[in-house]
Amino acid sequence: GENVEQHPSTLSVQEGDSAVIKCTYSDSASNYFPWYKQELGKGPQLIIDIRSNVGEKKDQRIAVTLNKTAKHFSLHITETQPEDSAVYFCAASIGGSNSGYALNFGKGTSLLVTP
Amino acid sequence: GAVVSQHPSRVICKSGTSVKIECRSLDFQATTMFWYRQFPKQSLMLMATSNEGSKATYEQGVEKDKFLINHASLTLSTLTVTSAHPEDSSFYICSAPSRQVNSPLHFGNGTRLTVT
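Cut-offs used in this document
- Residues numbered from 1 in each chain as written.
- Chains lettered and ligands numbered in written order.
- Predicted model: local features only at pLDDT ≥ 70, side-chain atom pairs only at ≥ 80, totals over all residues.
- Heavy atoms only, no water.
- Helix = DSSP H or I, 4+ residues; strand = E, 2+ residues; numbered from the N terminus.
- Buried < 20%, exposed > 50% of the residue type's maximum accessible area, 1.4 Å probe, protein only.
- Pairing = 2+ DSSP bridges.
- Axes fitted to C-alpha atoms, helices over the stretch in contact; angles between N-to-C directions.
- Phe/Tyr/Trp six-rings, centres within 6.5 Å; stacked < 30°, edge-to-face > 60°.
- Contact = heavy atoms within 4.5 Å.
- Buried area = accessible area lost by both parts, 1.4 Å probe.
- Salt bridge = Lys/Arg side-chain N within 4 Å of Asp/Glu carboxyl O.
- Polar contact = N/O pair within 3.5 Å; in protein donor to acceptor, adjacent residues only side chain to side chain.
- Nonpolar A, V, L, I, M, F, W, Y, C, P; charged D, E, K, R; others polar.
- Disulfide = S-S within 2.5 Å.

Chemist: How would you explain unusual backbone geometry if you had to name every residue and give the values?
Modeler: The omega angle of the peptide bond from A:His7 to A:Pro8 is -5 degrees, so this bond is cis rather than trans. On the secondary structure map, A:Pro8 appears in the loop between strand E1 (4-7) and strand E2 (10-14). Residue B:Pro8 follows B:His7 across a cis peptide bond; omega there is 0 degrees. In this structure, B:Pro8 sits in the loop between strand E1 (4-7) and strand E2 (10-13). Here the phi dihedral of B:Lys41 falls at roughly 60 degrees; this positive angle occurs in a residue that is not glycine. Despite not being glycine, B:Ser83 has its phi angle at roughly 45 degrees, a positive value. Residue B:Ser83 is classed as partly exposed on the basis of its relative accessible area, which comes to 35%.

Chemist: Explain the sheet that holds strand E6 (residues 56-59) of chain A to me, using residue names and the numbers behind them.
Modeler: Residue and element names in this part refer to chain A. A sheet is described by the order of its strands in space; here five strands give the open sequence E1-E3-E8-E7-E6, paired in antiparallel fashion. For this open sheet the edge positions go to E1 and E6, each flanked by a neighbour on one side alone. On average, adjacent strands in this sheet sit at an angle of 15 degrees to one another, irrespective of strand direction. When E1 meets strand E3 (residues 19-25), the two strands line up antiparallel, connected through four bridges.

Chemist: Give a description of the pairing of strand E11 (residues 111-115) of chain B that names residues and reports values.
Modeler: All names here are of chain B. Burial of the side chains of E11 is restricted to one face: Thr111, Leu113 and Val115 are buried, whereas none of Arg112 and Thr114 on the reverse face is. Direction of pairing for E2 relative to E11: parallel, over a ladder of four bridges. The residue bridging Val11 from the neighbouring strand is Leu113, located in E11. Here strand E9 (residues 90-97) runs beside E11; their pairing, made up of three bridges, is antiparallel. The residue of E11 that forms the bridge with Tyr92 is Thr111.

Chemist: Could you give an account of the packing of aromatic side chains, naming the residues involved and the relevant values?
Modeler: Residue and element names in this part refer to chain A. For the coordinates displayed, the defined rule picks out 11 aromatic pairs over all chains. Between Phe33 and Phe73 the ring centres are 5.0 Å apart and the planes differ by 50 degrees, which places this aromatic pair in the tilted class. Pair noted here: Phe33 is in strand E4 (residues 32-38) and Phe73 is in strand E8 (residues 72-77), with a separation of 40 residues, a long-range link. Judged on exposure class, the residue Phe33 and its partner Phe73 are both buried.

Chemist: Pulling in residues and values, what's your account of the interface of chain A and chain B?
Modeler: Interface size is often expressed as the accessible area that is lost when the parts come together. In this assembly, 21 residues from chain A lie in contact with 17 residues from chain B. Counting each side, the surface lost to burial between chain A and chain B is near 1,400 Å², with a carbon and sulfur contribution of 57%. At the boundary of chain A with chain B, the tally comes to zero salt bridges. Between the two partners, chain A and chain B, sit five residue pairs in polar contact (both at pLDDT 80 or more). When residues of the side of chain A that touches chain B are traced back to their parent elements, those giving at least two are E4, strand E5 (45-51) and strand E10 (103-105) of chain A. Considering each element in turn, the side of chain A that touches chain B owes the most residues, four residues, to E5(A). When its residues are assigned to classes, the side of chain A that touches chain B shows 10 nonpolar, seven polar and four charged.

Chemist: Which residues make up the state of the cysteines, and what values do they have?
Modeler: Throughout this description, disulfide means a covalent bond between two cysteine sulfur atoms. All names here are of chain B. Taken as a whole, this structure holds two disulfides over all chains when the rule is applied. In this structure Cys13 is not part of a disulfide, and its nearest cysteine sulfur, from Cys94, lies 18 Å away. Relative accessible area serves as the criterion here: at 9%, Cys13 is assigned to the buried category.

Chemist: With reference to specific residues and values, describe the pattern of salt bridges.
Modeler: Residue and element names in this part refer to chain A. Under the criterion given, the structure shown has six salt bridges over all chains. Residue Asp84 is joined to Arg61 by a salt bridge in which the shortest nitrogen-to-oxygen separation is 2.9 Å. Of this pair, Asp84 sits in the loop between E8 and strand E9 (86-93) while Arg61 sits in the loop between E6 and strand E7 (62-67), placing them 23 residues apart in sequence. Given a relative accessible area of 21%, Arg61 falls into the partly exposed group.

Chemist: Give a detailed account of the pairing of strand E3 (residues 19-25) of chain B, specifying residues and quantitative values.
Modeler: All names here are of chain B. Of the two faces of E3, only the one carrying Val19, Ile21, Cys23 and Ser25 is buried; Lys20, Glu22 and Arg24 on the other face are not. Strand direction decides the pairing type here: E1 and E3, joined by four bridges, are antiparallel. Pairing of Val4 across the sheet is with Ser25, part of E3. As paired strands, E3 and strand E8 (residues 76-81) are joined by six bridges and run antiparallel to one another. In the strand pairing of E8, Val19 is matched with Val81.

That is the geometry; function is a separate question.
Spelled out as structure tokens, the structure:
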């Protein structure tokens, strides 16, 4: 079936450095790509999203890029802080906008930011 | 902003019993809600799509008679794990989109189910 590949599975960076997480998807009908941050014992929290008509989106220290031709998208966190430590999931919509926002998730990236 | 509330946050039950998990949209109406399951250190797997006023749609491999879904109102969907077994122990998370155009998917805080 359709799936989302996410790399790396773990990422350790020093405070102040940048972190990059990459995802690829296979469903060519996907048109919505959110990123979620999940802290231990909690549900995922949306941090940024991008739609297939936009190539890049930025929100303060967080940016996402999308290459629809290559079917990959990336999350960039600059000036990382210890509180950025969490598991990050990329996701792609199952089908197009009529799918009701059902999502396929990547396997997650455990980000550790060390002081 | 839009909030999805899930209850209970943790539940422990004995094998053979049933457990009901509630998912509420607090300040918006949701005709559709999604139920996910997450094993430790793994990703979220879509189990089913809950549709208000009609039957839920289950993903391949998910037993509809074991995971009963009811979406009786525009703000409430319930997932009942029937005759629970230890292998049903997992983290169950619901989510819902608001009706606003291009709105994101909002997730509840999940329910940690432990079956002993």
